[in-house]
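Listed below, chain by chain, are the residues.
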Amino acid sequence: MDNIFSIKDLDLYYGNFQALKSISLDIDRNKVTALIGPSGCGKSTFLRCLNRMNDLIENCKIEGKIQYSQMDIQTKSFNVIELRTKVGMVFQKPNPFPMSIYDNVAYGPRCSGIKKKSELDVIVEKALKRAALYEEVSSRLKDNALGLSGGQQQRLCIARAIAMEPDVILMDEPTSALDPIATLKIEELINDLKRNYTIVIVTHNMQQAARISDKTAFFLMGELIEIDSTDKIFTQPKNKKTEDYITGRFG
Amino acid sequence: MSNKRKLNDIFYQFITYISALISVLALSSIFMFVFIKGSSLLDFGLLFNDYHEKYYNGGFNGDIDFSLTPEPDNLEANEFYSSMWGIALKDAKDREGNAIIIVSYISKDSPFSNMYDKNSVDIESSIVIKEGNIVSKISYYDKPTSLTRYGAELMIKDLDTVTDIREVVYTSLGGGIRGSLLTTLFIIGLTLVLALPMGIFTAIYLNEFAKKNKITNLIRSLIETLTGVPSIIYGLMGLAVFVPFTIAITKADSANLISGSMTLAVILLPIIIRSTEESLKVIPDDLRTASLALGANKTQTTFRAVLPSAYPGIVTATLLAVGRIIGESAALIFAIGTAIKDDVSIFGRSTTLSVHIWSLMKDEPANIELASTIALIILIIVLALNILVKLVSKKFITKIV
């Protein structure tokens, strides 16, 4: 049993609206876990609990227990900054900073206090290589990141997260704004990355979940309906609702 | 039905055309007016000359070493030369339009380069006539005095017939705006130093750190109200608060440049706060979440990710501020004074270009030409600053953004 995250009875409210209802699940270390479900089912909200990005939303109330490496991350004394360096995040829309490619990747390390140029150079190169972007951009690291294509921008965002040497990378529909070829590249990248990182990915695309994930969790109306190995979810789901969803009967 | 729609269409289009035309005409006619009225007096001398003319009374002691320089070739028909005295004079008009006789050339060995100062107690003191000086009177021992009203030609003729001079009365050319120009540039710098950091940090506080509640909204609407307050009220405040304050802590004993800058800084604050805040508002939240998700804290996110993206807005704020500083006159009349100086005087009364215009226009008769020339110079400064800031920020932005 090697769980990096262990969630027990998680309830989340936006004001009076309950977005997550008593979620309990474990996330395996160095595996890809996919979260699927129709829009508004709470899968993104759940993902944002894992690095406490929901703190930014006013009126958001969380009950229950989220353990990361046996530490309870919901306590007030817990160091959120440190959590976010260990649990990186890639967003739906590629959102590089309006600065150079180098500065984008070096942003996180700089914020955590690394100032030495030689050290940063090594980190940036390593991160870009891991994100399979280095060869494409090595000659123009000083160019503005907004000049990259959408797929390159998204891989840059992944490199930016990797530069922090995280344990976990959370991905919130990372390919929904990309074309099929860029999507394929990101998926290949995820396959490479899972050797070193735990990846939790939210996706609307069920084929994508089937292709890249080891485990799949199906959310519906704020409830976790089913979680199992991806093979089982897609071939012999236990729950009728899961079957209906993956066969395209709704959602 | 379709005809009515067409008519409507034509009507509204016509209104937009007419409005655009009138706006363009009104704006360009201001430029035209200033240019036509002011361009005749525009020259570099105006920019660098003193405002106050200085009077000199020169005389000779003992033997005079006459000039041996022959008439230079490049003199024009209206310039008259005396080879004995080594000086060329011509008729001209000063900035107020009065006839004057101006020194257009003086040779190196001219006796006028070595006169004693009749106004000085020190008998050894020597004064020199320079090119551009105005000769108003030359008196002799045995001849009637040469005066401006007889013209340059006659003055030279008189000079050629005498071997000694009792007194030369001449003045340096005045009416220049060097002092006001320098004061304006100085006050722009000082005011920006005071107002920009404060305004930008206030905007950051309001937009990034302050909780979104009634108090923040109240502060914001107060700031917006301040934008519309007439500047003369700020001037009163400057007179009542900043002038005594600067007198208390500096060696100033009247309205001064520092109190003027402080008053202007207060006028500028709402403008800077508002335009910085506007540019912070349009920065997508994506950028902030991306930064926070990388383990940056709030301060790092604000200063490393958000603020650089707000740079174009801050440039605009600065430009607006500079424009406002140059254009401000009402508040400054109280807070800095109306005394026209020849140099920057930090602890005393002085005047900026706009107040200089006001001083010229309140005289009787008003000197519209010179006022328009200064207005033209102000326009040129504003234009130059605009272009400069755009060029600099273009270079800067392509590097960062």
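Remember, it's a predicted structure, so these values are computed and weren't measured experimentally. (Residues numbered from 1 in each chain as written. Chains lettered and ligands numbered in written order. Predicted model: local features only at pLDDT ≥ 70, side-chain atom pairs only at ≥ 80, totals over all residues. Heavy atoms only, no water.)

(A) Quick peek at the overall build of chain B. When helices and strands are tallied, chain B shows 13 helices and nine strands. A compact globule built from 401 residues would reach a C-alpha radius of gyration of about 21 Å, whereas chain B, at 30 Å, exceeds it by more than 25%. In terms of principal-axis extent, the alpha carbons of chain B reach across some 95 × 70 × 45 Å. Here chain B holds 401 residues, and the buried ones make up 45% of them. Here the contacts in chain B between residues at least 6 apart in sequence split such that 72% fall between residues at least 24 apart. Here chain B has roughly 21500 Å² of accessible surface; of this, 64% comes from carbon and sulfur atoms. Distance between charge centres in chain B, computed from 35 positive and 37 negative side chains, equals 18 Å. (Helix = DSSP H or I, 4+ residues; strand = E, 2+ residues; numbered from the N terminus. Rg over C-alpha atoms; globule rule 2.2 N^0.38 Å. Buried < 20%, exposed > 50% of the residue type's maximum accessible area, 1.4 Å probe, protein only. Contact = heavy atoms within 4.5 Å. Areas by Shrake-Rupley, 256 points an atom, 1.4 Å probe, with all protein chains shown as cover. Lys, Arg positive; Asp, Glu negative; His and termini not counted. Charge placed at Lys NZ, Arg CZ, Asp CG, Glu CD.)

(B) Spotlight on the overall build of chain A. When helices and strands are tallied, chain A shows 10 helices and 10 strands. Relative to its length of 251 residues, chain A is compact, with a C-alpha radius of gyration of 18 Å against a globular reference of 18 Å. The C-alpha extent of chain A, read off along each of the three principal axes, is 55 × 45 × 35 Å. In chain A, buried positions account for 54% of the 251 residues. Counting only contacts in chain A whose residues sit at least 6 apart along the sequence, the fraction spanning at least 24 positions is 67%. Working note: accessible area of chain A is about 11300 Å², and carbon and sulfur atoms make up 48% of it. Here chain A holds 34 positive side-chain charges and 32 negative ones, and the gap between their average locations is 2 Å.

(C) Molecular detail of the pairing of strand E7 (residues 134-139) of chain B. All names here are of chain B. Of the strand pairs in this sheet, E7 and strand E9 (residues 167-171) are connected by five bridges, and their pairing is antiparallel. Within E9, the residue paired with Ile 138 across the bridge is Val 168. As paired elements, E7 and strand E8 (residues 146-147) share two bridges and run antiparallel to each other. If you follow Lys 137 over to E8, its bridge partner there is Leu 147. The antiparallel hairpin formed by E7 and E8 contains six residues in its connecting segment. (Pairing = 2+ DSSP bridges.)

(D) Representation of the packing of helix H6 (residues 150-162) of chain A against helix H7 (residues 180-193) of chain A within the structure. Residues and elements named next belong to chain A. It is at 9 Å that the axes of H6 and H7 come closest, and there the two elements cross at 20°. As summarised for this structure, H6 and H7 are arranged roughly parallel, according to the angle between their axes. Pair H6 / H7 crosses with right-handed handedness. Packed against H6, whose contacting residues are Gly 151, Gln 154, Arg 155, Ile 158 and Ile 162, the element H7 presents Ala 182, Lys 185, Ile 186, Leu 189 and Leu 193 at the interface. Among the residues forming the contact of H6 with H7, the class breakdown is six nonpolar, two polar and two charged. (Axes fitted to C-alpha atoms, helices over the stretch in contact; angles between N-to-C directions. Parallel < 35°, antiparallel > 145°, perpendicular 65-115°, else oblique. Left-handed = near helix turned anticlockwise from the far one by under 90°. Nonpolar A, V, L, I, M, F, W, Y, C, P; charged D, E, K, R; others polar.)

(E) Broad picture of the sheet that holds strand E1 (residues 3-14) of chain A. Residues and elements named next belong to chain A. Taken together, the four strands give an open sheet; going across it, the order is E2-E1-E4-E5, and neighbouring strands pair in antiparallel fashion. Only two strands of the sheet have a single partner each, and these edge strands are strand E2 (17-28) and strand E5 (71-72). As paired strands, E1 and strand E4 (residues 60-68) are joined by eight bridges and run antiparallel to one another. Residue pairing for E4: Ser 6 is matched across the bridge by Gln 67.

(F) Highlighting the pattern of salt bridges. Inspection of the entire model under this criterion finds 24 salt bridges over all chains. Here Glu 165 of chain A makes a salt bridge to Lys 126 of chain A, at a shortest N to O gap of 3.5 Å. Of the two residues, Glu 165 of chain A is situated in the loop between H6 and strand E7 (168-172) and Lys 126 of chain A in helix H4 (residues 117-130); the sequence distance between them amounts to 39 residues. Note on Glu 165 of chain A: relative accessible area 43%, which makes it partly exposed. Counted as one network, the salt bridges with shared partners bring together Asp 50, Lys 54, Arg 178 and Asp 343 of chain B. (Salt bridge = Lys/Arg side-chain N within 4 Å of Asp/Glu carboxyl O.)

(G) Just the interface of chain A and chain B, in detail. At the junction of the two partners, chain A supplies 23 residues and chain B supplies 18 residues. With both chains or domains summed, chain A and chain B bury close to 1800 Å², and 64% of this area falls on carbon and sulfur atoms. Counting the surface chain A buries against chain B, the share from its top three residues, Pro 98, Tyr 107 and Cys 111 of chain A, is 29%. Counting across the interface, chain A meets chain B through one salt bridge. With a closest N to O distance of 3.8 Å, Asp 286 of chain B and Lys 93 of chain A form a salt bridge. Across the chain A-chain B interface, the total number found is four residue pairs in polar contact (both at pLDDT 80 or more). Those elements giving two or more residues to the side of chain A that touches chain B turn out to be helix H2 (80-86), strand E6 (87-90), helix H3 (101-111) and H6 of chain A. (Buried area = accessible area lost by both parts, 1.4 Å probe. Polar contact = N/O pair within 3.5 Å; in protein donor to acceptor, adjacent residues only side chain to side chain.)

(H) Inspection of the sheet that holds strand E8 (residues 198-202) of chain A at higher detail. All names here are of chain A. With respect to topology, six strands assemble into an open sheet ordered E6-E7-E8-E3-E9-E10, the strand pairing being mixed. Bordering the open sheet on either side are E6 and strand E10 (223-229), each of which pairs with just one other strand. Strand after strand, the sheet turns through a mean of 15° between neighbouring axes, direction not considered. Against the sheet, H7 contacts strand E3 (32-36), E7 and E8, and its axis sits at roughly 150° relative to E8.

(I) How the structure looks around the domain arrangement of chain B. The domains assigned to chain B are domain 1 (55-171) and domain 2 (178-400). The C-alpha-based centres of domain 1 of chain B and domain 2 of chain B are spaced at 49 Å. (Domains from an automatic or database assignment.)

(J) How the structure looks around unusual backbone geometry. Residue and element names in this part refer to chain A. Positive phi, normally seen in glycine, also occurs at Ser 22, with a value near 45°. When you line up the elements, Ser 22 lands in strand E2. For Ser 22, a relative accessible area of 42% translates into the label partly exposed. With a phi close to 55°, Glu 165 is a non-glycine residue in the positive phi region.

(K) Seen up close, the side chain of Asn 133 of chain B. Relative to the assigned elements, Asn 133 of chain B resides in the loop between strand E6 (126-127) and E7. Leave out the neighbours within four places in its chain, and Asn 133 of chain B touches Ile 101, Ile 102, Val 103, Val 128, Tyr 170, Thr 171 and Ser 172 of chain B.

(L) Local environment of the nonpolar core. Phe 97 and Tyr 107 of chain A together with Ile 272, Leu 353 and Ile 377 of chain B are the most contacted members of the largest nonpolar core, which totals 62 residues. Sequence-distant contacts of Phe 97 of chain A, that is, excluding residues within four places in its chain, are made with Asn 104, Tyr 107, Ala 145 and Arg 160 of chain A together with Leu 287, Ala 290, Ser 291, Leu 294 and Ala 305 of chain B. If you look at the next biggest cluster of nonpolar residues, it comprises 44 residues, including Val 105, Leu 120, Ile 158 and Ile 246 of chain A. (Core = buried A, V, L, I, M, F, W, Y, C linked by side-chain atoms within 4.5 Å.)

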